[in-house]
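Coordinates in review
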Amino acid sequence: AQLQAHPSHILIGIGIATAEEIDQLNIWGATSLAMRRAFIAMPQTAELALVDGKIKPPNFPCPTHPVIGGDGISLSIAAASIIAKTTRDRMMQDYAKEYPQYGFERHAGYGTAAHIAALEAHGPCPLHRRSYKPIRAYLDEAA
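Residues numbered from 1 in each chain as written. Predicted model: local features only at pLDDT ≥ 70, side-chain atom pairs only at ≥ 80, totals over all residues. Heavy atoms only, no water.

For the protein, the count of helices and strands is 5 helices and 2 strands. Ordered by position from the N terminus, the helices and strands of the protein form the series α-β-β-α-α-α-α. Expressed as lengths along the three principal axes of its C-alpha atoms, the size of the protein is roughly 50 × 30 × 25 Å. Evaluated residue by residue, the protein yields a buried proportion of 29% over its 143 residues. Counting contacts in the protein only where the partners sit at least 6 residues apart, residues at least 24 apart contribute 33% of the total. (Helix = DSSP H or I, 4+ residues; strand = E, 2+ residues; numbered from the N terminus. Buried < 20%, exposed > 50% of the residue type's maximum accessible area, 1.4 Å probe, protein only. Contact = heavy atoms within 4.5 Å.)

Set out below in structure tokens:
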């Protein structure tokens, strides 16, 4: 909340990639797409984007600088990680209302025993990545 309390000092853009995009592009391709969307959504453009990791995202709207272990070195990367996590957590809370049988409010979509049990009982919903090995195995079994 404090990060978003000073919009004139801290510029925030949110970028989301869907399960379908992850399935089509792979996790890195979808992450790069979400980063581009976040950059474009910012209220003001930047001259350089710091990226957590060692790989530069392709086709980015400005120069990028990868920083290995960036969330432990750069305050802006750490802030972006916090914003991404809290945004995802809020989304999972909303998805829990739409798909209450999966318990997203408890496990946030991670592969916990409760989540696997819900998948076995109900099958995947549209939010589940079809390329994720347990979902793919379930779908192969059901076919």
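A separate point is unusual backbone geometry. Located in the positive-phi region is N26, a residue other than glycine, with phi close to 80 degrees. Examined against the element boundaries, N26 turns out to sit in helix α1 (residues 19-41). The class for N26 is partly exposed, based on a relative accessible area of 46%. One non-glycine residue with positive phi stands out, namely A108, at about 55 degrees. In this fold, A108 is placed in the loop between α3 (104-107) and α4 (113-122).

This part takes up a nonpolar patch on the surface. Nonpolar side chains collect at one region of the surface, where I27, W28 and I55 lie side by side and expose about 280 Å² of accessible area between them. By secondary structure assignment, the location of I27 is in helix α1. (Patch = residues over 30% accessible without salt bridge, like charges linked within 9 Å, V, L, I, M, F, W, Y side chains within 5 Å. Areas by Shrake-Rupley, 256 points an atom, 1.4 Å probe, with all protein chains shown as cover. Salt bridge = Lys/Arg side-chain N within 4 Å of Asp/Glu carboxyl O.)

Time to look at the nonpolar core. Residues M92, A96, Y99, Y102, F104, A108, A118, L119, C125 and I135 constitute the largest nonpolar core, which totals 10 residues. Taken together, the elements giving at least two residues each to this core come down to α2 (75-98) and α4. (Core = buried A, V, L, I, M, F, W, Y, C linked by side-chain atoms within 4.5 Å.)

Checked against the element boundaries, R88 lands in helix α2. For the pair formed by R88 and L75, sequence separation is 13 residues and the distance between their alpha carbons is 20 Å. Residues contacting R88, with those up to four places away along its chain left out, are A108, G109 and Y110.

Summed over all chains, the structure comprises 3 aromatic pairs. Between Y99 and Y102 the ring centres are 6.4 Å apart and the planes differ by 65 degrees, which places this aromatic pair in the edge-to-face class. Each member of the pair, Y99 together with Y102, is buried. A centroid spacing of 5.5 Å and a plane angle of 20 degrees characterise the contact between Y102 and F104, whose relative ring orientation is stacked. For F104, a relative accessible area of 2% gives the class buried. Through a chain of ring-to-ring contacts, three or more aromatic side chains come together here, namely Y99, Y102 and F104. (Phe/Tyr/Trp six-rings, centres within 6.5 Å; stacked < 30°, edge-to-face > 60°.)

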